[in-house]
Amino acid sequence: MSAQEEFFAGISKIPYVPNAGPADVMCFKHYNAEEVFMGKTMGDWLRFSVCYWHSFCGTGADPFGFQTLHRPWNEGTPMEAAKKRVRAAFEFFTKLGVKYYTFHDRDMAPEGSTLEESNRNLDEITDVALQLQNQTGVGVLWVTCNLFAHSRYMNGAATNPDCHVLAYAGAQVKKGLDIAKKLGAQNFVFWGGREGFHSILNSDVGAELKHMANFFKMAVQYKEKIGLNCQFLIEPKPKEPCKHQYDYDAMSVIAFLKHYDLEKHFKLNIEPNHTTLAGHSYEHDIVMASSFGMLGSVDSNTGSPDLGWDTDQFPMDIRNTTLVMKTIIEQGGIQPGGLNFDAKVRRESTDLVDLFIAHIGAMDAFARGLRNAVRIIQDGLLSGLVKERYSSYSHGLGQRVDDGSATLEDLEAYIKQNGEPKVTSGKQEKYETIFNHYI
Ligand code: XLS
Ligand code: NI
Ligand code: NI
């Protein structure tokens with residue numbers, strides 16, 4: 001890269017400095033990609049990815065105020081900016097030391113006035129992206145199509161009452177899948193931003209859900225046809241921008257996939273800020289999806305629990321990262337998914353260096369979460385207590401309940417013989433105290 005093409009001058013590859021002091025925010029103190037834990041490197045457990053839309057397209061504008069983030073790459077015509085942006089992004093990925101990135105089709109290249117023009121723009125910029133991928137070894141964690149920003153999608157994409165709009169979304173997804181193949185994306189995400197309703201009075205919910213399921217079936221068919229080898233993911237979110245969104249939370253999406261016989265083709269991309277927006281605790285959907293074998297990837301961010309919207313902050317809370325990593329280790333890893341920072345620096349964090357500080361801080365928070373979770377799992381104290389708590393299901397009647405062979409008559413006979421169960425303490429505070437020991 002020539003000197004004038006450098007966007008982050010003065011910043012070199014972020015080092016690992018385990019004994020750095022509290023004011024040193026431009027190095028990793030916990031994230032050490034090559035260090036091995038339970039048979040895998042930290043880099044393989046964590047599979048970090050930087051998102052294009054917040055970190056390279058974000059301007060800091062909000063519903064009450066104008067742009068605050070003036071990025072040197074967002075200058076010139078939309079296509080000129082797209083070319084600068086992709087170079088800035090790869091400089092950032094390599095200096096930060098992440099192996100993956102994620103993008104929407106429309107963040108990578110601007111929408112044209114026809115589908116053909118949009119596709120040509122995308123071809124041109126992804127040629128550059130592919131070249132940079134080959135040069136740097138950075139790859140695509142996932143691609144997604146923006147089916148929510150353009151005014152044509154105001155009433156939904158795959159759930160639009162007008163099939164003409166659904167067709168546009170399909171044409172866009174077809175191209176998105178071609179691009180995923182071209183760039184070797186490991187996953188493809190569907191986030192149903194406007195797949196929902198504002199008024200039940202003008203909405204045929206049953207028809208909309210069926211159309212969305214059929215839309216997904218077309219995507220599965222095309223993926224198979226072009227030999228695209230990547231994991232499909234649905235990202236739940238309960239509301240915003242719609243008042244009600246169909247992909248409300250992990251359990252709603254799993255039920256939808258099972259109802260329409262799609263569950264073997266999809267997993268879930270869980271974003272904890274969406275989980276808390278649905279009224280659950282931070283880790284809730286990670287744990288629920290994982291226990292159904294459906295946790296595919298994580299949009300690693302956080303909200304402010306005292307607010308009711310998607311603030312997409314960088315995850316910095318060690319309790320949360322520990323719980324997420326505990327679940328990920330227990331399911332044997334998150335590959336081919338990863339931990340994507342669907343997070344944005346605050347509109348008040350206006351320095352370019354703040355982009356680095358935010359990602360480094362969040363990567364370190366996850367590295368600490370991983371280190372803590374490994375100790376929790378290797379010590380086996382918590383898992384031993386949980387195992388003991390359920391031990392009545394390991395023999396006799398309990399075992400038959402567990403394997404599905406017991407009947408109500410068996411349960412009745414057991415009670416006639418054994419009477420009232422004894423009171424057993426749940427000991428929540430003991431578990432919480434033990435957990436706190438590790439964080
Ligand atoms: C919005 C979503 C979105 C998806 C990708 O709330 O998080 O950014 O991750 O479309
Ligand atoms: Ni997201
Ligand atoms: Ni979000």
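So, a few notes on the structure that sits alongside this text. (Residues numbered from 1 in each chain as written. Chains lettered and ligands numbered in written order. Predicted model: local features only at pLDDT ≥ 70, side-chain atom pairs only at ≥ 80, totals over all residues. Heavy atoms only, no water.)

**Overview of the sheet that holds strand β5 (residues 139-144)**
Next, step 1: Taken in spatial order, the eight strands line up as β3-β4-β5-β6-β8-β10-β11-β12 and close into a barrel, and their pairing is parallel. Here the strands of the sheet are splayed against their neighbours by 30° on average, with no regard to which way each runs.
Next, step 2: Relative to strand β11 (residues 295-299), strand β10 (residues 266-270) runs parallel, the two being bridged by three bridges. Paired with I270 across the bridge in β11 is V298.
Next, step 3: Against the sheet, helix α6 (residues 163-182) contacts β4 (100-104), β5, β6 (187-191) and β8 (231-235), and its axis sits at roughly 155° relative to β6.
Next, step 4: Sheet contacts for helix α7 (residues 205-225): β6, β8 and β10; angle to β8, the most-contacted strand, approximately 160°. (Pairing = 2+ DSSP bridges. Helix = DSSP H or I, 4+ residues; strand = E, 2+ residues; numbered from the N terminus. Axes fitted to C-alpha atoms, helices over the stretch in contact; angles between N-to-C directions. Contact = heavy atoms within 4.5 Å.)

**Structural notes on the coordination of the nickel ion (ligand 3)**
Next, step 1: For the nickel ion (ligand 3), every protein donor is listed as E271 (OE), H274 (NE2) and D310 (OD), and the spread of their distances is 2.1 to 2.5 Å.
Next, step 2: Each donor residue of the nickel ion (ligand 3) lies on the same chain, and together they follow the pattern E-x2-H-x35-D.
Next, step 3: Taken as a pair, the nickel ion (ligand 3) and the nickel ion (ligand 2) lie 3.8 Å from each other and share E271 as a ligand. In this pair, the class of E271 matches that of H274, namely buried. (Donors = N, O, S within 2.8 Å, 3.2 Å for Na, K, Ca; no water. Buried < 20%, exposed > 50% of the residue type's maximum accessible area, 1.4 Å probe, protein only.)

**Regarding the coordination of the nickel ion (ligand 2)**
Ideal donor angles around a metal are set by the shape: a four-donor tetrahedron calls for 109.5 degrees, a six-donor octahedron for 90 or 180 degrees.
Next, step 1: Within the protein, the atoms that donate to the nickel ion (ligand 2) are E235 (OE), E271 (OE), D299 (OD) and D342 (OD), at distances of 2.0 to 2.2 Å.
Next, step 2: Around the nickel ion (ligand 2), the six donor atoms sit at angles spanning 78 to 177°, and that spread fits a shape best called octahedral.
Next, step 3: Its relative accessible area of 2% is what places E271 among the buried residues. (Tetrahedral: all angles 85-135°; square planar, octahedral: opposite > 155°, others 65-115°.)

**Re the site of ligand 1**
Next, step 1: The local shell around ligand 1 consists of W53, H104, W142, W191, E235, K237, E271, H274, D299, D310 and D342.
Next, step 2: Within the side chain of H104, one N or O atom sits 2.7 Å away from an oxygen atom of ligand 1.
Next, step 3: Note that an oxygen atom of ligand 1 is positioned 3.1 Å from one of the side-chain N or O atoms of H274.
Next, step 4: For ligand 1, the cavity whose grid points lie within 2 Å of the majority of its atoms is the largest pocket.
Next, step 5: A breakdown of the residues in the shell around ligand 1 according to their chemical character gives three nonpolar, two polar and six charged. (Near = heavy atom within 4 Å. Polar contact = N/O pair within 3.5 Å; in protein donor to acceptor, adjacent residues only side chain to side chain. 1 Å grid on protein atoms, 1.4 Å probe; cavity = no way out; pocket = protein on both sides within 12 Å on 5 of 7 lines; lining within 4 Å. Sits in = over half its atoms within 2 Å of the grid points. Nonpolar A, V, L, I, M, F, W, Y, C, P; charged D, E, K, R; others polar.)

**Quick look at the packing of helix α5 (residues 115-136) against α6**
What describes two packed helices is the angle between their axes and the distance between those same axes.
Next, step 1: The interhelical angle for the contact between α5 and α6, taken along N-to-C directions, is 15°, at an axis separation of 11 Å. Classified by the angle between their axes, α5 and α6 sit roughly parallel to one another. For the pair α5 and α6, the sense of crossing is right-handed. Contact residues: α5 offers L115, N119, L122, D123, T126, D127 and L130, while α6 offers Y168, A171, K175, I179 and K182.
Next, step 2: Of the residues assigned to the contact of α5 with α6, the class counts are six nonpolar, two polar and four charged. (Parallel < 35°, antiparallel > 145°, perpendicular 65-115°, else oblique. Left-handed = near helix turned anticlockwise from the far one by under 90°.)

**Some points on the pattern of salt bridges**
Next, step 1: Tallied over the full model, the rule gives 17 salt bridges.
Next, step 2: Taking the shortest distance from any N to any O, the salt bridge between R87 and E5 comes out at 3.9 Å. Placement of the pair is R87 in helix α3 (residues 78-96) and E5 in the segment before β1 (36-37), with a sequence separation of 82 residues.
Next, step 3: R87 gets classed as partly exposed once you look at its relative accessible area, which sits at 29%.
Next, step 4: Looking at E5, the relative accessible area reads 30%, which means it is partly exposed. (Salt bridge = Lys/Arg side-chain N within 4 Å of Asp/Glu carboxyl O.)

Any functional reading would require information beyond the geometric quantities listed.
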